[in-house]
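# Geometric and topological summary
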Amino acid sequence: MKRRMFLQNFLIFIFAFIFGYTVKKDDENMVLQKVESNTGNNRKKMLNEVSDRGISLSRFGAVGDGKADDSDAIEVALNYVKNINGKLVSDPQKTYLVKRLINIDTTGVKHLHWNMMGSTIDFGSGGSIILGSKSSTPFKTTTLVSDLKRKKTNFTVRDVTGVEKGDLVSIQSPVNWVKGIPLIQYYTIGDIDGNTIYVNGLIVGDISEEQKVSASVKGDIIVSFFKLAKRLTVKNGTLKSSNRDDEGTLLSIRGQDGYLIEDIEVQHSKRNGIYIQYSGSGLVKDCRLKDHGYVTKDQGYVNTLFSPNSLSFGYGIIVAHNYLTHIINCHSFSGWHGFDVARGQTVVIYQDCVIHKDAFGFSAHEGAWDMRVIDCQVLGGLGVTSRAAELTVSGCHFKTSIGPAITGNGSHHTLLIKHNVFDVSTPDNRANVFYLNEPFPEYCYSQDMSVSDVSQNTIIGLCNTSRLFVRGLIIFADNTITSLPINDGSIIIKSIVSSDKVAIINNNRFIGTGMQHNLQLSNFDKITVSHNHREGPIGLVYKSAVIALDGINPDIVITDNNFSNIAFAIHVLGGSSTINLIQGNKVINGQLLLASAKTSIKNAIGNITNQSTIVSGQVNVTQSINNVVISM
């Protein structure tokens, strides 16, 4: 018995020695007890930290004194935390130096959270951080079977093998936009039925075989699929760089869905601050952009010989190749582009943001689709510069100083400018409201009429000519416009298409003496003008008018209580116009119409002036009923 007990205990000791156990005596028997090494204890402690407040960056050797290069420690820490879908926290008030590229592949990651805790990342020359999957290369490519239709939610492709809900999908046509920019859209996938893809949201524009024929190009319409990581969060810190000749980016976000960038301050002279690409839906909020690309007190880098490689420099937050980016309550201070949208961005929403003193505030390049600027403030510089296909500006306040509040592509398919205040009364008269006059390929929208709606805005101090070049229907209604007394301010609205050209001018109020013509309309098929009111000191502006007509306008109805106390209600500048009905209008200290013999009025009914005649010039009036000339 003793011999057998001895052999048993001997074998227990040998097993304990080999596999790291201790031996504890329990009465007459020996029992094994596991020894936890320091490595095991440390790992257990780390896991407890991750599940609670997060694991500290200092545990990976980061110094944070702003002098030692912490690139290796940050890279190891981010890779460790991403592998356990955990949280990383920096040490408060420390400055971590990054002197090289840190590229963290987040493919398949479901949660990566980095709380910078008020610390700073200082990017040296070549320093940059990329958080993202290898999303610029699709995991699958196929071709389009059915056309993409605007405002629809689905389309059919040739092959969906390996495609899942939540993937990112892009559709690219061989047809280009202006300046050779690819025609491409991005969406996240909401559902799949057979080979039919259902996307989240509505399709923003047409992509079809018919476009290729119209544009005389060949090639397939390519559909590509990308996998997205989930729930990336970067918050509560500062990203900065003082290296002026670096063409790189501080922080790149790629291949993410449901990401959050919050309470980040960006100070940099690199080309880009935060760059978000190839991602689904995400939120950027409460960020501050300071001195981005800043050169002088008036503006940042421009694409001249003074910027590295003659590139546009100093983008604060730039988005491209994404489905939906929502940017809320972010402030852009002195610099170049505060917020920029580039090719392939399907939807971007700016809400409650403030532009303090940028050369550009909100900008969109060719290849962007739907840009919305909601409840924002522009306190200096330029406001919105857009070449996007659709532009919405609503509830904003503009106090611009060096140029137009809204400028860029004047032939947006959908242009909504509503409920804004434009204060453009600058001392040097450099500012105006609109300067929109560039072409856009209408074949992207073959299914419905283009609409521009400029309504319920207040314009203060109009002192220069503003231009709106539009397609289809333009509604200009319920606006209040004041001009400076020493300047010739007016708004030109011109149609640039060959058909479906309709202008509705309704219930606007024009106040002041500086405007020679309140609105100048050109090349419309049909114009309706009603319930507009103009007032100002008598006799200071000769040949001024509520509405000026230029070009060929074959069908005009001017009716229902348009009022002017200066000169004329209508002034035909040139071309030929046919006014079908002019009714119920009143002009004090002037006449109803100033025009040449090329203008004809079919019916003039119930109008009032205080001049000897209703019209001035050799105008042919077919029928005149109950028009009154009164002495005042």
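Residues numbered from 1 in each chain as written. Predicted model: local features only at pLDDT ≥ 70, side-chain atom pairs only at ≥ 80, totals over all residues. Heavy atoms only, no water.

This paragraph deals with the overall build of the protein. When its secondary structure is counted, the protein shows four helices and 62 strands. A burial count over the protein gives 54% of its 632 residues as buried. Sequence-distant contacts, at least 24 apart, represent 62% of the contacts inside the protein between residues at least 6 apart. Within the structure as shown, the protein displays about 25900 Å² of accessible surface, and the carbon and sulfur contribution to it stands at 50%. (Helix = DSSP H or I, 4+ residues; strand = E, 2+ residues; numbered from the N terminus. Buried < 20%, exposed > 50% of the residue type's maximum accessible area, 1.4 Å probe, protein only. Contact = heavy atoms within 4.5 Å. Areas by Shrake-Rupley, 256 points an atom, 1.4 Å probe, with all protein chains shown as cover.)

Checked against the element boundaries, Leu251 lands in strand β18 (residues 249-254). For Leu251, a relative accessible area of 4% corresponds to the buried category. Taking the C-alpha atoms as reference points, Leu251 and Ile276, 25 residues apart in sequence, are found 8.6 Å from one another.

Bringing the packing of aromatic side chains into the picture now. Applying the stated criterion to the full structure yields 10 aromatic pairs. For the ring pair Phe60 and Tyr80, a centre distance of 5.7 Å and an interplane angle of 50° mean the geometry is tilted. Note that Phe60 is positioned in the loop between β3 (55-56) and β4 (65-69) and Tyr80 in helix α3 (residues 71-83), a separation of 20 residues in sequence. For the residue pair Phe60 and Tyr80, the accessibility class agrees, reading buried in each case. Relative to Phe362, the ring of Tyr350 has its centre 5.1 Å away and its plane inclined at 45°; by these criteria the two rings are tilted. Taken as a pair, Tyr350 in strand β28 (residues 347-351) and Phe362 in strand β30 (residues 358-364) lie far apart in primary sequence, 12 residues in all. (Phe/Tyr/Trp six-rings, centres within 6.5 Å; stacked < 30°, edge-to-face > 60°.)

The nonpolar side chains of soluble globular proteins are, as a tendency, buried together. In this structure, Phe339, Tyr350, Phe362, Met371, Ile406 and Ile493 are the most contacted members of the largest nonpolar core, which totals 103 residues. Among the elements that make up this core, the one with the highest residue count is α3 (six residues). (Core = buried A, V, L, I, M, F, W, Y, C linked by side-chain atoms within 4.5 Å.)

Let us now look at the sheet that holds strand β15 (residues 222-226). If you walk across this open sheet you meet the six strands as β10-β15-β12-β13-β14-β11, and the pairing is antiparallel. Of all strands in the sheet, those with a lone pairing partner are β10 (140-143) and β11 (154-156), marking the two edges. On average, adjacent strands in this sheet sit at an angle of 35° to one another, irrespective of strand direction. As defined by bridge partners, strand β13 (residues 182-193) adjoins strand β14 (residues 196-199) across four bridges and the pair is classed as antiparallel. Across the sheet, residue Ile192 finds its bridge partner in β14, namely Ile197. (Pairing = 2+ DSSP bridges. Axes fitted to C-alpha atoms, helices over the stretch in contact; angles between N-to-C directions.)

Looking now at the pattern of salt bridges. Where charged atoms from two side chains of opposite charge approach closely, those side chains can pair. Per the counting criterion, the structure on display carries 17 salt bridges. Among the ionic pairs, Asp167 bridges to Lys227, the shortest N-O distance being 3.0 Å. Taken as a pair, Asp167 in the loop between β11 and β12 (168-176) and Lys227 in the loop between β15 and β16 (229-230) lie far apart in primary sequence, 60 residues in all. Relative accessible area serves as the criterion here: at 29%, Lys227 is assigned to the partly exposed category. (Salt bridge = Lys/Arg side-chain N within 4 Å of Asp/Glu carboxyl O.)

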